[in-house]
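Here's the letter readout for the chains.
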Amino acid sequence: MTETQQQLLREIPSVDRLLRLPVTIDLMAVYGRSLALEALRAALEQTRQAIQNGLALVPANALLVQQAREWLEDLLTPTLRPVINGTGVVVHTNLGRAPLSAAALQAMQTAALGYSTLEYDLEAGERGARSVHAEALLTRLLHSEAATVVNNNAAAVLLMLSALCQGREVIISRGQLVEIGGGFRVPDVMAQSGAKLVEVGTTNRTHLRDYEAAINDKTAAILVAHHSNFKIIGFTAEPELGELAELAHAHGLPLLYDQGSGALLDTAPYGLAHEPTVPEGLAAGCDVVAFSGDKLLGGPQAGILCGRADLIARIKKHPLARAVRADKLCLSGLAATLTYYLTDTATTEIPVWRMLARSLADIGATADTWAARLQERGITAQVIDGFSTVGGGSLPGTRLPTRLVAIAQDGVDDLAARLRQQARPVIGRIQDGRFLVDPRTILPHQVEPLLQTLLRVCVPEPM
Ligand SMILES: *Cc1c(COP(=O)(O)O)cnc(C)c1O
């Protein structure tokens, strides 16, 4: 280190010196004493390092405090931030899956703001059960004997297997030993539950007789797991749920079904392939069906188990049930979401279904309007044909025709990066050197912020 550097280091003010400045007093009032102190020390340390790396002056005190303020702002900026999903993936797991409906949001806010009847019986004036809140709606809607709600579907499957199959065998097709993503692998979950996995059939073909041959006096259940995020095509075979139910019941066994997506309605009327639904699973004779609350159901994160009353009762009594129970926000939001299904308004009121049901003509008209606004400002934007996808491990390989706003610009990766770094980040797709935005997954309240951001970030530099 040179003489000059040593001299500069000695000139760096002490924390105490900075603490006496009015701006610092203000900083402490806003951020608290200990955090503000840490920020000041960080700013001073940064300066020390900069001088050792060649900085030839000590920044003014005001600048040091400003650095501390920026450090604090950075630290306290939430990492979980809203983004604008222009990808056209409706149930985007990385972007938070299902956006909530107005009623679900309202119900969750009301439950969060104060006390509630979460476990209180108003009539009796004493302790009640949290289980009542969404369960009555679920059993009515699904025509199932009983239901229970837990934290998510991975927990629902784990709980179901733990309560009904621990220490015994569960038969599953080799074609269904799936990994859903985020570390959810059916075989691993089964191992955690203490059930012994008995694999039957082959990856592409499993027959009813394969299941039948595996049944013995240690068998606890037959499990069917929805393929979810992949598809086997070609020379394939899998028994129908109804056939499996018949086989299981003939041997006094339950048929358990990890349905996954929580589709309560048929997706086929919206130009999609048919996604197996929960009501179909129950109608086919499944004894317990497990599914997510925040995929195609369109509600808050939850895992739902419905089916036979005696089995659901055993599940609810298992010690794990307490560990994975749903909280008041989940229960209130889920109940409000289910109400839309009961009143036949799901496809108009639940965002996931509204997006899936949105007509191509409507999306096209929106895309045209947006492209025109961008063009007015000299941005090269076009409307092109493309596809949206359902996501969330539902309907792999099926695509929904859509119209996309395509922004052409040199350095499109750089453009996408800048759009991600905005106050309201925009996430899109890149294809053939263009940045694509799918209007299908843009929520109404995001339209103006989206256009403002695109206009600001995409406007070409003046020559
Ligand atoms: C998504 C999914 C799960 C996991 O559900 P989470 O709600 O994410 O815990 C389990 N099984 C299947 C078939 C799924 O599609």
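Asks: Any chance you could explain the overall build of the chain here in plain terms?
Replies: Within the chain, the secondary structure is distributed over 20 helices and 18 strands. In terms of principal-axis extent, the alpha carbons of the chain reach across some 90 × 55 × 50 Å. Across the chain, contacts joining residues at least 24 apart in sequence account for 75% of those joining residues at least 6 apart. For the chain, the separation between the mean place of its 41 positive charges and that of its 47 negative charges on side chains is 4 Å.

Asks: Can you walk me through the sheet that holds strand β10 (residues 219–225) in this structure?
Replies: Either a parallel or an antiparallel arrangement is found when strands of a sheet pair, and the pairing is made through backbone hydrogen bonds. Taken in spatial order, the seven strands line up as β5-β13-β12-β11-β10-β6-β9 in an open sheet, and their pairing is mixed. This sheet does not close on itself; its edge strands, each paired only once, are β5 (146–150) and β9 (196–200). Pairwise comparison of adjacent strand axes, ignoring direction, gives a mean angle of 20° for this sheet. Alignment of strand β11 (residues 255–260) against strand β12 (residues 288–292), held across four bridges, turns out to be parallel. Of the residues in β12, the one forming a bridge with Leu-256 is Val-288. Contacting β5, β12 and β13 (303–307), helix α13 (residues 309–317) runs over the sheet at an angle of about 30° to β5.

Asks: Please clarify how the packing of helix α3 (residues 22–31) against helix α4 (residues 33–52) should be interpreted in this entry.
Replies: Relative orientation and spacing of two packed helices are given, respectively, by the angle between their axes and the distance between those axes. Packing of α3 against α4 brings their axes to within 7 Å, and their N-to-C directions diverge by 130°. Comparing the axis directions of α3 and α4 gives the class oblique. Considering only the axes of α3 and α4, their crossing is right-handed. Across the interface between the two elements, Thr-24, Leu-27, Met-28 and Tyr-31 from α3 touch Arg-33, Leu-35, Ala-36 and Leu-40 from α4. By residue class, the composition of the contact of α3 with α4 is six nonpolar, one polar and one charged.

Asks: Whenever I open this one, the domain arrangement of the chain confuses me. Can you help?
Replies: Buried accessible area, meaning the area lost when the parts come together, often serves as the stated size of an interface. What the domain assignment reports for the chain is domain 1 (3–76), domain 2 (84–91 + 353–458) and domain 3 (102–347). Computed over C-alpha atoms only, the centres of domain 1 and domain 2 are separated by 43 Å.

Asks: Would you explain the nonpolar core in this entry?
Replies: Among the nonpolar cores identified, the biggest contains 56 residues, and Val-149, Ile-222, Leu-255, Leu-264, Phe-291 and Leu-356 are the most heavily contacted of them. The element best represented in this core is helix α15 (residues 328–342), accounting for six residues. Three or more residues apiece are contributed to this core by two domains, here domain 2 (84–91 + 353–458) and domain 3 (102–347). When sequence neighbours within four positions are dropped, the list of residues in contact with Leu-264 reads Leu-141, Leu-142, Thr-277, Val-278, Pro-279, Phe-291, Leu-297, Leu-338 and Tyr-341. Among the nonpolar cores identified, the runner-up in size contains 32 residues, and Ala-156, Met-190, Leu-256 and Ile-315 belong to it.

Asks: Hey, could you run me through the pattern of salt bridges in this one?
Replies: Opposite charge on two side chains permits pairing when their charged atoms draw close. Inspection of the entire model under this criterion finds 14 salt bridges. The closest approach of N and O atoms between Asp-294 and Arg-97, which form a salt bridge, is 3.0 Å. Highlighted residues: Asp-294 in the loop between β12 and β13 and Arg-97 in the loop between β2 (89–91) and α6 (102–113), separated in sequence by 197 residues. According to the relative accessible area criterion, Asp-294 is buried, its value standing at 9%. In this structure, Asp-310 and Arg-308 form a salt bridge, with 2.9 Å as the shortest nitrogen-oxygen distance. On the basis of relative accessible area, Asp-310 is assigned to the partly exposed category, the value being 42%. Taken together, the shared-partner salt bridges in this structure form one network comprising Glu-119, Arg-127, Arg-130 and Arg-325.

Asks: I'm lost on the packing of helix α8 (residues 153–165) against α13 in this one. Help?
Replies: In the contact formed by α8 and α13, the axes pass within 9 Å of each other and the chain directions differ by 105°. As summarised for this structure, α8 and α13 are arranged roughly perpendicular, according to the angle between their axes. Judged by residue contacts, Leu-159, Met-160, Ala-163 and Leu-164 of α8 engage Leu-311, Arg-314 and Ile-315 from α13. Tallied by class, residues from the contact of α8 with α13 come to six nonpolar, no polar and one charged.

Asks: Please clarify how unusual backbone geometry should be interpreted in this entry.
Replies: Peptide bonds are trans in most cases, and residues, glycine excluded, mostly fall at negative phi. In this model, His-143 sits at a positive phi of 50°, which is unusual for a non-glycine residue. With respect to the helices, strands and loops of the structure, His-143 is situated in the loop between α7 (132–142) and β5. The phi dihedral of Asp-344 is positive, around 60°, even though this residue is not glycine. On the secondary structure map, Asp-344 appears in the loop between α15 and α16 (346–349).

Asks: For this particular structure, what's the right way to read α3?
Replies: Given 3.6 residues per turn, any residue in an α-helix points the same way as the ones three and four places further on. Taken together, the buried positions of α3 are occupied by Thr-24, Leu-27, Met-28 and Tyr-31. One face of α3 carries all of its buried residues, which in axial projection span an arc of 95°. Residues of α3 that are exposed and point more than 90 degrees away from the buried face comprise Pro-22, Ala-29 and Val-30. Buried residues along α3 sit in contact with α2 (15–19), α4 and α5 (61–76). Once α3 ends, the next one or two residues include Gly-32, with phi positive near 90°.

Asks: Help me out: how do you make sense of the environment of Thr-398 in this one?
Replies: Relative to the assigned elements, Thr-398 resides in strand β15 (residues 394–408). Non-local contacts of Thr-398, meaning those with residues more than four positions away in its chain, are made with Lys-231, Leu-272, Ala-273 and Thr-389.

Asks: Mind showing me how you'd approach the environment of Gln-409 here?
Replies: Assignment of secondary structure puts Gln-409 in the loop between β15 and α19 (412–420). Of the residues examined, Gln-409 reaches a relative accessible area of 22% and is grouped as partly exposed. Sequence spacing of Gln-409 and Ala-104 is 305 residues, and the spatial spacing of their C-alpha atoms is 40 Å. Filtering out sequence-adjacent residues up to four positions away, Gln-409 remains in contact with Leu-415, Arg-418, Gly-433 and Cys-458. Within the structure, the side chain of Gln-409 is placed 2.8 Å from the backbone oxygen of Cys-458, a separation counted as a polar contact.

Asks: How do you make sense of the packing of aromatic side chains when you look at a structure like this?
Replies: Any aromatic ring pair is given by two values, namely how distant the centres are and how the planes are angled relative to each other. Going through the model one piece at a time under the given rule, you end up with one aromatic pair. Residues Tyr-270 and Trp-353 carry aromatic rings whose centres are separated by 6.0 Å and whose planes lie at 65° to one another, so their mutual orientation is edge-to-face. One end of the pair, Tyr-270, is in the loop between β11 and α12 (278–283); the other, Trp-353, is in helix α17 (residues 351–357), and 83 residues separate them in sequence. Using a relative accessible area of 24% as the deciding quantity, one classes Tyr-270 as partly exposed. Taking the relative accessible area as the measure of exposure, Trp-353 reaches 0% and is therefore buried.

Conventions we followed
- Residues numbered from 1 in each chain as written.
- Predicted model: local features only at pLDDT ≥ 70, side-chain atom pairs only at ≥ 80, totals over all residues.
- Heavy atoms only, no water.
- Helix = DSSP H or I, 4+ residues; strand = E, 2+ residues; numbered from the N terminus.
- Contact = heavy atoms within 4.5 Å.
- Lys, Arg positive; Asp, Glu negative; His and termini not counted.
- Charge placed at Lys NZ, Arg CZ, Asp CG, Glu CD.
- Pairing = 2+ DSSP bridges.
- Axes fitted to C-alpha atoms, helices over the stretch in contact; angles between N-to-C directions.
- Parallel < 35°, antiparallel > 145°, perpendicular 65-115°, else oblique.
- Left-handed = near helix turned anticlockwise from the far one by under 90°.
- Nonpolar A, V, L, I, M, F, W, Y, C, P; charged D, E, K, R; others polar.
- Domains from an automatic or database assignment.
- Core = buried A, V, L, I, M, F, W, Y, C linked by side-chain atoms within 4.5 Å.
- Buried < 20%, exposed > 50% of the residue type's maximum accessible area, 1.4 Å probe, protein only.
- Salt bridge = Lys/Arg side-chain N within 4 Å of Asp/Glu carboxyl O.
- Arc of directions from axis to C-beta.
- Polar contact = N/O pair within 3.5 Å; in protein donor to acceptor, adjacent residues only side chain to side chain.
- Phe/Tyr/Trp six-rings, centres within 6.5 Å; stacked < 30°, edge-to-face > 60°.

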